[in-house]
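In case you want the letters, here they are:
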Amino acid sequence: MTDRALSVVRAGALTTVQDLGRPGHAHLGVPRAGALDEPAHRLANRLVGNPERAATLETTLTGCAVRVRTATAVAVTGAPCPVTVDGRPAPWGAPVHVPAGAVLDAGPATHGLRSYLAFGGGIEAGPVLGSRASDLLSGLGPDPLGDGAVLPLGRPGAPPATADAVPHPGPVTELILPFLPGPRDAWFTDAGLHTLTTGRFRVSAASNRIGLRTEGPPLERARPGELHSEGMPLGALQVPPNGLPVLFLHDHPTTGGYPVIGVVPERFLAPAAQAVPGTPVRFVRMRPVLRAGTSTPTTSPGCA
C-alpha cells in the first residue's frame, strides 16, 4: 500500500467520497451523484491546491476523523465544525498542515449538515464512469466509509492557496427554492398550485442524498392515477401520493411515475445540502424575464 493514504479513525454518521459526479449517464439509469454542496467542495479543493474535480470526503452532521500516512495539506469547508489535529485546535476554512501519522478530526457541525474534507492530491478511489463519487442509490463508487477504511491519496500538485477571507456560512434559517413550473403541473388544481407557493413546509427528517422530503399541507391533485415512468432531472419536485413535494438531489432515481410539479434549477440546490430537519421551506415560482435587446427569455424568482 502506498504511503500516500489515509485511514478512517471515526467514520461518523455518514461519510462518503464525492467529486463533481457522473453527469450524462441518465439514459443508462445512472444518477449524477457528486457533492451536494458543490461550492463547498470546490472551495475545499482550491484551498489545498487541487483541481476542483478532485475527490473529497462529504460528512453528515457528526463529522469524521482520519489519520494520514504522510504529511498532507487538508482543508475543511461546508458546515462549520471544530477542527483538531491530534487534539490541538486547527482552523476551519483554511489549509492545515497535518504531519504524517497525525489524526485530523472534523467534529460535529455547529450548524448545517455536511462538511467537506479536501486532501492535497485528492482521494484516489477507483473511478466508475469517470467519477470517484459514492452513489447511495445505485451503489456505484466507493462504499460509505466505516472505521478502519483506507483510501489512497494522489500526488499533490499546486501548493495550498492563501485566502484573506473564506465565506463562513450562517445557518439556513429558511430554505428558499425557486422553481420552474411543469412538466406535470396540470395534474394539480389551482388550489394545489397555490398551496405549493403559500403553504408552510419544512424539511423532513426522512431527507437524504436521494431527495429532500418535506412536511406540510398536501397538494391537491386535479386527476387521479399515476404516469408511465418518465425521466427525472436533478432538482425535480416530485409529488408522491401523500401530496408532499420531494426535491430530487444528486443520488435521485433517473425515472419515476409520480408527477413533477416543477423543477428547481441546479444553481439553487446547494443550500438544500445544509438544511437541517425542521428548517422552513418556501417554494417560489420563477417567471420569464426578457433580456434587453433580445427576444430570448431567461428566468428569475418571482410571482408569475
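Keep in mind that what you see is a predicted model, and the values were worked out from it rather than measured. (Residues numbered from 1 in each chain as written. Predicted model: local features only at pLDDT ≥ 70, side-chain atom pairs only at ≥ 80, totals over all residues. Heavy atoms only, no water.)

> Any chance you could explain the pairing of strand β19 (residues 260–263) here in plain terms?
One ladder, built from two bridges, connects strand β12 (residues 175–181) with β19; its direction is antiparallel. From the neighbouring strand, P181 faces β19, where its bridge partner is G262. Where strand β16 (residues 236–238) meets β19, three bridges bridge the pair, whose relative direction is antiparallel. The partner of A236 across the bridge, within β19, is V263. (Pairing = 2+ DSSP bridges. Helix = DSSP H or I, 4+ residues; strand = E, 2+ residues; numbered from the N terminus.)

> What am I meant to see in the sheet that holds strand β11 (residues 150–152) here?
The pairing of strands in a sheet comes from backbone hydrogen bonds and takes either a parallel or an antiparallel form. The antiparallel open sheet is built from six strands, whose spatial order is β7-β6-β9-β4-β1-β11. Edge positions in the sheet fall to β7 (88–90) and β11, since each has one partner strand and no second. For this sheet the average axis-to-axis angle between neighbouring strands, irrespective of direction, equals 30°. Alignment of strand β6 (residues 83–85) against β7, held across three bridges, turns out to be antiparallel. Bridging from a neighbouring strand, V83 pairs with A90 of β7. (Axes fitted to C-alpha atoms, helices over the stretch in contact; angles between N-to-C directions.)

> Sorry if this is basic, but what is going on with the nonpolar core here?
The tendency in soluble globular proteins is for nonpolar side chains to be buried side by side. Membership of the largest hydrophobic core comes to 30 residues, with the highest contact counts inside it found for L175, L247, V264 and F283. Elements that contribute at least two residues to this core include exactly β12, β13 (201–203) and β20 (280–290). Leaving out residues up to four positions away in the same chain, V264 has contacts with L177, P178, F179, L234, G235, L237, L247 and L269. In this structure, V66, V68, W92 and I123 belong to the second largest nonpolar core, which totals 28 residues. (Core = buried A, V, L, I, M, F, W, Y, C linked by side-chain atoms within 4.5 Å. Buried < 20%, exposed > 50% of the residue type's maximum accessible area, 1.4 Å probe, protein only. Contact = heavy atoms within 4.5 Å.)

> Please clarify how the pattern of salt bridges should be interpreted in this entry.
Should their charged atoms come close, side chains of opposite charge can pair. Taken as a whole, this structure holds 14 salt bridges when the rule is applied. Two residues, R42 and E38, come together in a salt bridge whose shortest N-O distance is 2.8 Å. On the criterion of helical spacing, the pair formed by R42 and E38 is a turn pair, its members being four residues apart in helix α1 (residues 38–47). According to the relative accessible area criterion, R42 is partly exposed, its value standing at 26%. Its relative accessible area of 14% is what places E38 among the buried residues. With a closest N to O distance of 3.9 Å, R114 and E58 form a salt bridge. Highlighted residues: R114 in the loop between β9 (103–106) and β10 (115–119) and E58 in strand β3 (residues 56–58), separated in sequence by 56 residues. Pair check on accessibility: R114 and E58 agree, each one buried. (Salt bridge = Lys/Arg side-chain N within 4 Å of Asp/Glu carboxyl O.)

> What should I look at first to understand the environment of D251 in this one?
Tracing the chain through its elements places D251 in the loop between β17 (246–248) and β18 (255–256). For the pair formed by D251 and D135, sequence separation is 116 residues and the distance between their alpha carbons is 5.9 Å. Excluding residues within four positions of it along the chain, D251 makes contact with P31, A33, S134, D135, L136, L137, R209 and I210. Engagement of the side chain of D251 in a polar contact is seen with the backbone nitrogen of L136, the distance being 2.9 Å. (Polar contact = N/O pair within 3.5 Å; in protein donor to acceptor, adjacent residues only side chain to side chain.)

> What exactly am I supposed to notice about the environment of L234 here?
Assignment of secondary structure puts L234 in the loop between β15 (230–231) and β16. According to the relative accessible area criterion, L234 is buried, its value standing at 16%. Those residues within four positions of L234 in sequence are excluded, and the remaining contacts are R32, F248, L249, H250, H252, V263, V264, E266 and L269.

> Before we go on, may I ask you to explain the side chain of S131 in this structure?
Mapped onto the elements, S131 comes out in the loop between β10 and β11. From its side chain, S131 meets the backbone nitrogen of A133 in a polar contact 3.0 Å long. Excluding residues within four positions of it along the chain, S131 makes contact with D19, G21, R22 and G126.

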